[in-house]
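Analysis of the macromolecular model
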Amino acid sequence: MNGMLLIREFIYRYYIYPIDTKQGYNLIQEITYGILLFVMVYTFYRMCLKLKIAIDRRFAEVTVFYVILITLMRALVDAGLFPRLYYTVTPGIVVAVGIYYMISIIISGILLKNRYYLLSIAMAVVPILYMLFEFSSRITHPEAIVYVSGILVLSYYLLIYIVEKLKKAKIERIDKYAIFSQLVDASATSVGIGVFGYWEQHPVPRFFMDYFGPYSIIPLKMLVVLLVLDIFNKEVKDDNLRNILKITVMALGLAPGLRNLFRTVMGV
């Protein structure tokens, strides 16, 4: 009995209480969600192999639509359109929409084979259009889009130019998606904190930004994403596995980045 009470207290302290009080994430949560993400990605990878769906550039582009769906919905929770429940905030919303995403790929793969992306994208676009309508009626800081876009474009093209000059080779398309998405996160986060007074929820980047300022996240993200992609390219031989890992990196950058941008633009 005491063991059950200890488990319940642990779950409440590290998972439920931080959500209820909007305290941000802790290291216990980060590790747990990382393990959960790994299990989901690997399970999805195995499903795609059975359906003979190539995990390629097209697959990455389908994924972008579902990341937009998650982030729009999450931002509109903060704006008050949707209720704040376990399945409308992280990690519940990631699990819920992630399952919907997987189902869309599986159903589309069964029905349309190699043209699976047509139905899968349509299944994301329908709710996105509704949420975009709601989002557009709540815009209060359109200038945030200008600030973020300026930093994003400058940092992205500068990084691509430097890396391609040093390597004397073009960067792969999926690698570019991952780099761009991580810089979306860095740009939106730095502007949200540096200009509009928001705060970072994740403990590791919060540590760096507290010491070196909000814009330090941009070069930090650049270095980390290049290192991770280099490891994938050198160590992971299977194309499908390597690509789904890169797409995961892409999603991990694009999701918080877009959510931060949407929230900033709505002033919530």
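Residues numbered from 1 in each chain as written. Predicted model: local features only at pLDDT ≥ 70, side-chain atom pairs only at ≥ 80, totals over all residues. Heavy atoms only, no water.

Naming follows an unreviewed UniProt entry, where the protein chain appears as DUF63 family protein of Methanococcus maripaludis KA1.

**Regarding a nonpolar patch on the surface**
A grouping of Ile99, Ile103, Ile107, Ile110, Leu111, Leu112 and Leu118 is seen on the molecular surface, where their side chains present a nonpolar patch of about 600 Å² in accessible area. No other element matches the six residues that helix H4 (residues 92-112) contributes to the nonpolar patch. Checked against the element boundaries, isoleucine 103 lands in helix H4. (Patch = residues over 30% accessible without salt bridge, like charges linked within 9 Å, V, L, I, M, F, W, Y side chains within 5 Å. Areas by Shrake-Rupley, 256 points an atom, 1.4 Å probe, with all protein chains shown as cover. Salt bridge = Lys/Arg side-chain N within 4 Å of Asp/Glu carboxyl O. Helix = DSSP H or I, 4+ residues; strand = E, 2+ residues; numbered from the N terminus.)

**Focus on helix H3 (residues 57-78)**
For H3, built from 22 residues, the straight-helix expectation of 32 Å at 1.5 Å per residue is met to within 8% by its first-to-last C-alpha distance of 32 Å. Looking at where H3 begins, the residue whose side-chain oxygen comes 3.2 Å from the main-chain nitrogen of arginine 58 is aspartate 56. (Expected span 1.5 Å × (residues − 1). Polar contact = N/O pair within 3.5 Å; in protein donor to acceptor, adjacent residues only side chain to side chain.)

**Some thoughts on unusual backbone geometry**
Phi is mostly negative for residues that are not glycine, and the peptide bonds are mostly trans. Positive phi is not limited to glycine here, since lysine 52 has a value of about 60°. Take lysine 52: it is sitting in the loop between helix H2 (27-50) and H3. Exposure remark for lysine 52: the relative accessible area of 72% places this residue in the exposed category. One non-glycine residue, lysine 168, lies in positive phi territory at about 55°. Looking at the secondary structure, you find lysine 168 in the loop between helix H6 (143-167) and helix H7 (173-194). The exposure class assigned to lysine 168 is exposed, which follows from its relative accessible area of 74%. (Buried < 20%, exposed > 50% of the residue type's maximum accessible area, 1.4 Å probe, protein only.)

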